[in-house]
Amino acid sequence: MDKLNERVQEIVNTFKDRLVDLEQIQGIPVLYFKKENILEIAAYLHKTPSLRGTLSLQWAVDLNPVKPVHRIYYLFSLESGGDWLILAVDLMEKDRLFPSITPKIQAAKWYEREIRDMVGLIPVGHPDLRRLVRHEHWPKGTHVLKKDFPWNTVLERKEGTYSYRHIEGEGVFEVPVGPIHAGIIEPGHFRFSVAGEPIMQLEIRLFWKHRGIEKVFENLSLINGVSLAEKVSGDTSFGHSLCYCQAVESLLSVEVPPRAEYLRTLFLELERLHNHIGDVGAICNDAAYALALAHCSQMKEQIMQLLDRLAGHRFLRGVNRVGGVAVDLDSSQLDGILAELAKIEEVFKDLTEILFVNASLIDRLETTGVLKEQTARDYGVLGVAGRASNINRDVRRDHPFAAYRHLSLKVPLYQYGDVRARVRVRVDEIHESLSIIRQVCRQIPKGPASIEIFSSAPAGKWALSAVEGWRGEILYFVMAGENGGIHRCKVRDPSFVNWPVLQYAALGNIIPDFPLINKSFNLSYAGNDL
Amino acid sequence: MFRIIKKSLKKGLVTGQYPESVTPVPAVSDAARNKAKLFHRSLTIREVDTGSCNGCEMEMNALMNPMYDAERFGIHIAASPRHADALVVTGPVTFNMEKSLKDVYRSTPEPRLIFALGDCAIDCGMFKNSYAVTGPVEKHIPVDVKIPGCPPRPNEILAALLAVMDRRKKE
Ligand code: SF4
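Bear in mind that the values here come from a model prediction, so they are computed numbers and not experimental data.

## Considerations on the domain arrangement of chain A
Often the size quoted for an interface is simply the accessible area lost on bringing the parts together. Residue and element names in this part refer to chain A. When its domains are assigned, chain A resolves into domain 1 (6-124) and domain 2 (213-529). Just the C-alpha atoms count here: the centres of domain 1 and domain 2 sit 27 Å apart. At the junction of the two partners, domain 1 supplies 29 residues and domain 2 supplies 27 residues. Taking both sides of the interface into account, the surface hidden between domain 1 and domain 2 amounts to around 2,600 Å²; carbon and sulfur atoms contribute 63%.

In structure tokens form, the structure reads like this:
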């Protein structure tokens, strides 16, 4: 085992007497504890000023039939965005109870509800044990990620009710919206409690789109899983497939050729670019500034047509594969990208010039939908929304993947956490992306764009991978199964982390501003619901 | 500011700046065409997502951008099914969305034209037989036109819509 870094060694020393086991996987220390100690240790990681651990992911794996064990993993990033550390707890045989860490760590709230729904383990002491993924009409005792649950079970529709939180008092009324909304967007249910104009409470209910992605993964082989990863969230097809491929590549101990790493970087930035540009337009449009939408949706379309010409798919599906990329670009294509982007950059610069001096627009964006830094920290908010609330995290810099270790990159950071800050982060990142793409085109090495895969992974081996998608940090945990299959694939889109804080950003605002606030986060429903 | 206005004026028309669809237009039955006839030269659509990956939504949205500008063909998006002539349904119909889909269908005035957009809506795609999916759309509501693709490109969607409306692009 490699030497542990100092901080981790210190943690190990502090809890030596309680540590059950210790291993290092892909350089990430994994510390096993007994379940009765987990709350104390998690709280220590979270609270200690020199560690400031953020819970990045919590998930459970049913190790049956190999071992009669359910294992719960807790991934922490020390000093937000820094080193990774995993805690693990084993529940033996029929044991279904584990202590909830939510009372000390807010970020665990949805993860623990998800674990209960999907794997059937119960977080004891959790403040909110309502169902999350399983809506009220699901039959009792359905825990789909247990190994003895067949993936193609036909569920029977039951009766049930879901209890919303209510605020009572004179003049308080509720406004339910959704799941199906006006406009072309995804389904979700929002329930506002208002007294007069301001929102007093917002309850968000999701998982309408739950398609059983994690279970469907278990039917696929490690190699074929890519095409499912592309469908987790369509707008982030490339980010998700890249993250999945990286996890499988490290499982198979495959080194991707350098040219593939650069091409992946290029495509990932192009995906970021068209989504960010589209968002800037859509946010302005929600503040009734339609001119920006017209320009931005046109630029977005130009990039998507470019992607179609380059890769044969507007969403870059089929480009990533385990071992590299299926599409190589020649130098005239690279020049073509630069020429097209130069045109777009010029238009975008002109547009931002008039955006941020337009008083009637800025007035709508400023102080609207403020997400406080402390709330963002407590929930471990990621990506654009995080950086607009002073959370200095970016996987591209903190855990460089693909070609990012060779490229220079500035991470924009704003403090106010309002809609304007989220627009600013996007605008800055658009310029950063353009700069990264130029660097890639200049530095891209020659060589093959992918390699053949001959290796395989032993069942039970796992790998973790992170990618900074355009919304924020995407995580994949992939555990190999028998014969090149998948035992467990945990998918975490940043939306899952950011959805719960939207209610805090909406507080005190008026309902007509909610679409604007929601758009400024622009979270994925599909990526969240899985 | 004036510099930008000047530039915009010089830029000219961007509508139509997209490649023509090269995939064959999906088959449209006479029954579907007859339904569309009732609405003459316009079609008001309500889009219903029953569990898509949001790729199909993005392409529907793209139809409204200045390059495709579907509005010029009388294609509008309605905010409520009660105002819609047609439903465009995406996704494999999840267990959690099944009821909402049926509700929307019931709220749409007859003779409601139903489009199944994307491979998921047509045959559940990769999610066929998953415990969480009860589709395809056809199983729950009658479908008039199927537009295949994952996702279908905006020009393909547009071509299909125009075929149903019996309109040519250059009208
Ligand atoms: S057809 Fe393809 S793009 Fe459309 S929802 Fe299904 S997976 Fe997504």
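## Topic: the pairing of strand β3 (residues 86-90) of chain B
Residue and element names in this part refer to chain B. In terms of residue burial, β3 counts as a mostly covered element, since five of its five residues are buried. Residues Ala86, Val88 and Thr90 of β3 are buried on one face, and the alternating residues Leu87 and Val89, pointing to the opposite face, are buried as well. Bridge count between strand β1 (residues 43-49) and β3: five bridges; the pairing is parallel. If you follow Val48 over to β3, its bridge partner there is Val89. Sheet topology places β3 next to strand β4 (residues 113-117); five bridges connect them, and they run parallel. What sits directly across from Thr90, in β4, is Leu117. Of the crossover connections in this fold, the one passing from β3 over helix α4 (residues 98-107) to the parallel β4 is right-handed.

## What about the interface of chain B and chain A?
Listed as interface residues are 52 residues of chain B and, on the opposing side, 62 residues of chain A. Put simply, chain B and chain A have three salt bridges between them. Where chain B meets chain A, there are 28 residue pairs in polar contact (both at pLDDT 80 or more). Those elements that place two or more of their residues in the side of chain B that touches chain A are α1 (2-11), β1, α3 (55-62) and α4 of chain B. Ranked by residue count, the leading element in the side of chain B that touches chain A is α3 of chain B, at seven residues. A class-by-class count of the residues in the side of chain B that touches chain A yields 27 nonpolar, 13 polar and twelve charged.

## With respect to the sheet that holds strand β10 (residues 199-205) of chain A
All names here are of chain A. Pairing is antiparallel in the open sheet, where three strands are placed in the order β8-β9-β10. The open sheet is flanked by β8 (172-177) and β10, the only strands paired with a single partner. Strand-to-strand twist across the sheet, computed as the mean angle between neighbouring axes with direction ignored, equals 15°. Bridge analysis of strand β9 (residues 189-195) against β10 gives six bridges, and the strand direction is antiparallel. Among the inter-strand pairings, Phe192 is bridged to a residue of β10, identified as Leu202. Relative to the sheet, helix α15 (residues 494-506) contacts β9 and β10, its axis offset from that of β10 by approximately 165°.

## Considering the packing of α15 of chain A against helix α16 (residues 514-521) of chain A
Residues and elements named next belong to chain A. Axis separation between α15 and α16 bottoms out at 11 Å; the angle between their running directions is 140°. When the axis of α15 is compared with that of α16, the two are oblique. α16 is crossed by α15, and the crossing has right-handed handedness. Of the residues in α16, those in contact with Trp499, Val501, Leu502, Ala505 and Ala506 of α15 are Phe514, Ile517, Asn518 and Phe521. Its residues assigned to classes, the contact of α15 with α16 shows eight nonpolar, one polar and no charged.

## Let's talk about the nonpolar core
Residues and elements named next belong to chain A. Core analysis: the biggest nonpolar cluster contains 184 residues, and Phe217, Tyr244 and Tyr476 have the highest contact counts within it. In terms of residue count, helix α7 (residues 258-286) provides more of this core than any other element does, twelve residues in total. For this core, the two domains that each supply at least three residues are domain 1 (6-124) and domain 2 (213-529). Not counting the four nearest positions on each side in its chain, Phe217 is found in contact with Gly225, Leu228, Ala229, Tyr244, Tyr476, Ile486, Cys489 and Val491.

## Thoughts on the environment of Cys245 of chain A
Residue and element names in this part refer to chain A. Structurally, the position occupied by Cys245 is in helix α6 (residues 237-251). With 23 residues separating them in the primary sequence, Cys245 and Leu222 have C-alpha atoms 8.9 Å apart. Apart from the residues lying within four places of it in its own chain, the contact partners of Cys245 are Val226, Arg264, Asn320, Arg321 and Val322.

## Looking at the environment of Val395 of chain A
All names here are of chain A. Counting through the fold element by element, Val395 comes out in helix α13 (residues 395-398). Its relative accessible area of 3% is what places Val395 among the buried residues. As for Val395 and Glu473, which are separated by 78 residues in sequence, their C-alpha atoms are 6.4 Å apart. Setting aside chain neighbours within four positions, we find Val395 in contact with Pro400, Phe401, Ala466, Val467, Glu468 and Glu473.

Basis of the calculations
- Residues numbered from 1 in each chain as written.
- Chains lettered and ligands numbered in written order.
- Predicted model: local features only at pLDDT ≥ 70, side-chain atom pairs only at ≥ 80, totals over all residues.
- Heavy atoms only, no water.
- Domains from an automatic or database assignment.
- Contact = heavy atoms within 4.5 Å.
- Buried area = accessible area lost by both parts, 1.4 Å probe.
- Buried < 20%, exposed > 50% of the residue type's maximum accessible area, 1.4 Å probe, protein only.
- Helix = DSSP H or I, 4+ residues; strand = E, 2+ residues; numbered from the N terminus.
- Pairing = 2+ DSSP bridges.
- Right-handed = clockwise from strand over helix to strand, strands pointing away.
- Salt bridge = Lys/Arg side-chain N within 4 Å of Asp/Glu carboxyl O.
- Polar contact = N/O pair within 3.5 Å; in protein donor to acceptor, adjacent residues only side chain to side chain.
- Nonpolar A, V, L, I, M, F, W, Y, C, P; charged D, E, K, R; others polar.
- Axes fitted to C-alpha atoms, helices over the stretch in contact; angles between N-to-C directions.
- Parallel < 35°, antiparallel > 145°, perpendicular 65-115°, else oblique.
- Left-handed = near helix turned anticlockwise from the far one by under 90°.
- Core = buried A, V, L, I, M, F, W, Y, C linked by side-chain atoms within 4.5 Å.

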